[in-house]
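One letter stands for each residue in the lines below.
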Amino acid sequence: MRVLFIIDPITSLKAYKDSSVAMMYACHDRGHQVFITEQPDLYIQGQVFARVQAIQLLDEVDLHSNNWWQYEGESQDMNLADFDAVIMRKDPPFDMEYAYSCHLLAYAEKFGAKVFNSGSAMLAHPEKLAITEFSQFTAPTLVSRDMERIKAFYREHGEVVVKPLDGMGGMGIFRLSSHEPNLNAILEMLTRNGQETIMAQRYIPDIVKGDKRILIINGEPVPYCLARIPLAGETRGNLAAGGRGVAQPLSERDWEIARALAPTLKARGLFVVGLDVIGDYLTEVNVTSPTCFVEITTQTDFHVSQFFVEQLEKVVGA
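Worth saying up front: this structure is predicted, and the values here are computed from it rather than measured.

This part covers the packing of helix α1 (residues 19–29) against helix α8 (residues 304–316). Relative to each other, α1 and α8 sit at 60 degrees, their axes nearing to 8 Å. On the basis of the axis angle, α1 is oblique to α8. Of the two elements, α1 crosses α8, and the hand of that crossing is right-handed. Across from A22, M23, A26 and C27 in α1, the residues of α8 making contact are S305, Q306, F308 and V309.

What follows is the structure in structure tokens.
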């Protein structure tokens with residue numbers, strides 16, 4: 001297969017822990033040719049093209065360095081439909097440029113490009129808002145920019161978490177304890193004085209046991225999750241916020257949630273999904289560039305990126 005990865009600048013990737021790099025190596029190990037491109041290099045000229053660069057992944061190298069890859073040949077303009085698979089792995093924020101890229105990818109699919117995840121599916125599934133479709137698995141949740149409505153929700157539940165809809169890595173998440181003295185200031189900042197919509201959820205005490213990342217690949221749940229356990233005194237379990245990742249088998253409730261959502265998400269063109277679950281509750285549906293491949297693989301007997309490529313081969317008929 002010829003596989004194109006749409007990524008952040010390759011020199012910015014931390015190869016020793018990056019899920020996209022793990023995917024690339026799994027492709028390389030199975031004899032597939034890896035190409036890379038970046039968001040600014042996508043363009044429409046009748047159909048959707050990109051300025052792409054083939055790379056060679058190097059074996060037995062220090063993944064903490066930038067010496068794990070080298071260019072192969074010259075960069076060239078190619079039609080996205082000429083690749084066996086196009087893997088969208090650009091990290092958020094999901095700003096307008098990200099949305100435009102998704103539109104380009106959706107347009108490319110009309111000309112035969114095989115894109116994972118589908119551009120239209122990513123547009124239709126904002127990662128935090130997507131949970132509202134599956135409210136049977138969520139804690140009480142409010143989405144609003146009305147500060148008085150949010151305050152009423154806070155008074156009803158006593159302790160809540162508030163967060164922006166476009167954040168990542170734990171950015172902008174606040175736990176509002178009972179009698180929160182900075183309530184007004186926090187809500188004014190997050191909503192920009194009522195101009196931006198945010199999410200409020202009843203606080204889930206089980207966060208101390210970890211914010212679990214459950215991966216679903218081609219409709220198949222990975223049997224292990226990564227519980228991202230917060231630092232002492234911290235509410236956020238995100239690895240980017242200092243959380244400690246501990247791989248563990250899916251619980252009965254984890255399986256219930258994953259199996260309920262997997263067929264629907266797969267049918268919509270979402271090939272790789274990362275569900276976030278705290279305790280028994282679904283908190284996010286991550287569709288842009290779900291991570292934790294490396295941590296789960298390192299700590300268990302399940303090779304996530306290899307499973308990813310095997311499923312990709314199955315879908316594209318390689």
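Each domain of the protein was delimited in the assignment, giving domain 1 (2–123), domain 2 (142–203) and domain 3 (206–300). Distance between the C-alpha centres of domain 1 and domain 3: 23 Å. On the domain 3 side, the residues contacting the 18 residues of domain 1 number 14 residues. For the pair domain 1 and domain 3, the summed buried area comes to about 1200 Å², and 56% of that belongs to carbon and sulfur atoms.

Another aspect to go through is the nonpolar core. With 43 residues, the main nonpolar core has L80, L261, L275, L282 and V285 as its most contacted residues. Per-domain counts for this core show at least three residues from each of domain 1 (2–123) and domain 3 (206–300). Other than its neighbours up to four places away in sequence, L261 contacts F134, F137, L275, L282 and V285. Grouped together as the second largest cluster of nonpolar side chains are 39 residues, C27, V34, V222 and F307 included.

Here we take up the pairing of strand β7 (residues 85–88). Successive residues of a regular strand alternate their side chains across the two faces of the sheet. Of the two faces of β7, the one lined by A85 and I87 and the one lined by V86 and M88 are each fully buried. Here β7 runs beside strand β8 (residues 115–116); their pairing, made up of 2 bridges, is parallel. For I87, the partnering residue across the bridge sits in β8 and is F116. Crossover connection from β7 via helix α2 (residues 96–110) to parallel β8: handedness right-handed.

Our focus in this paragraph is the pattern of salt bridges. A pair can form between side chains of opposite charge whenever their charged atoms are brought close. All chains considered together, the criterion is met by 16 salt bridges. For the salt bridge of E310 with R30, the shortest nitrogen-to-oxygen distance reads 3.8 Å. With E310 in helix α8 and R30 in the loop between α1 and β2 (33–37), this pair connects stretches of sequence that are 280 residues apart. Since its relative accessible area comes to 31%, E310 is described here as partly exposed. Residue class for R30 comes out partly exposed when judged on its relative accessible area of 36%. Among the ionic pairs, D276 bridges to R213, the shortest N-O distance being 2.7 Å. Remark: R213 occurs in strand β13 (residues 211–217) and D276 occurs in strand β17 (residues 272–278); sequence separation between them is 63 residues.

Basis of the calculations
Residues numbered from 1 in each chain as written. Predicted model: local features only at pLDDT ≥ 70, side-chain atom pairs only at ≥ 80, totals over all residues. Heavy atoms only, no water. Axes fitted to C-alpha atoms, helices over the stretch in contact; angles between N-to-C directions. Helix = DSSP H or I, 4+ residues; strand = E, 2+ residues; numbered from the N terminus. Parallel < 35°, antiparallel > 145°, perpendicular 65-115°, else oblique. Left-handed = near helix turned anticlockwise from the far one by under 90°. Contact = heavy atoms within 4.5 Å. Domains from an automatic or database assignment. Buried area = accessible area lost by both parts, 1.4 Å probe. Core = buried A, V, L, I, M, F, W, Y, C linked by side-chain atoms within 4.5 Å. Buried < 20%, exposed > 50% of the residue type's maximum accessible area, 1.4 Å probe, protein only. Pairing = 2+ DSSP bridges. Right-handed = clockwise from strand over helix to strand, strands pointing away. Salt bridge = Lys/Arg side-chain N within 4 Å of Asp/Glu carboxyl O.

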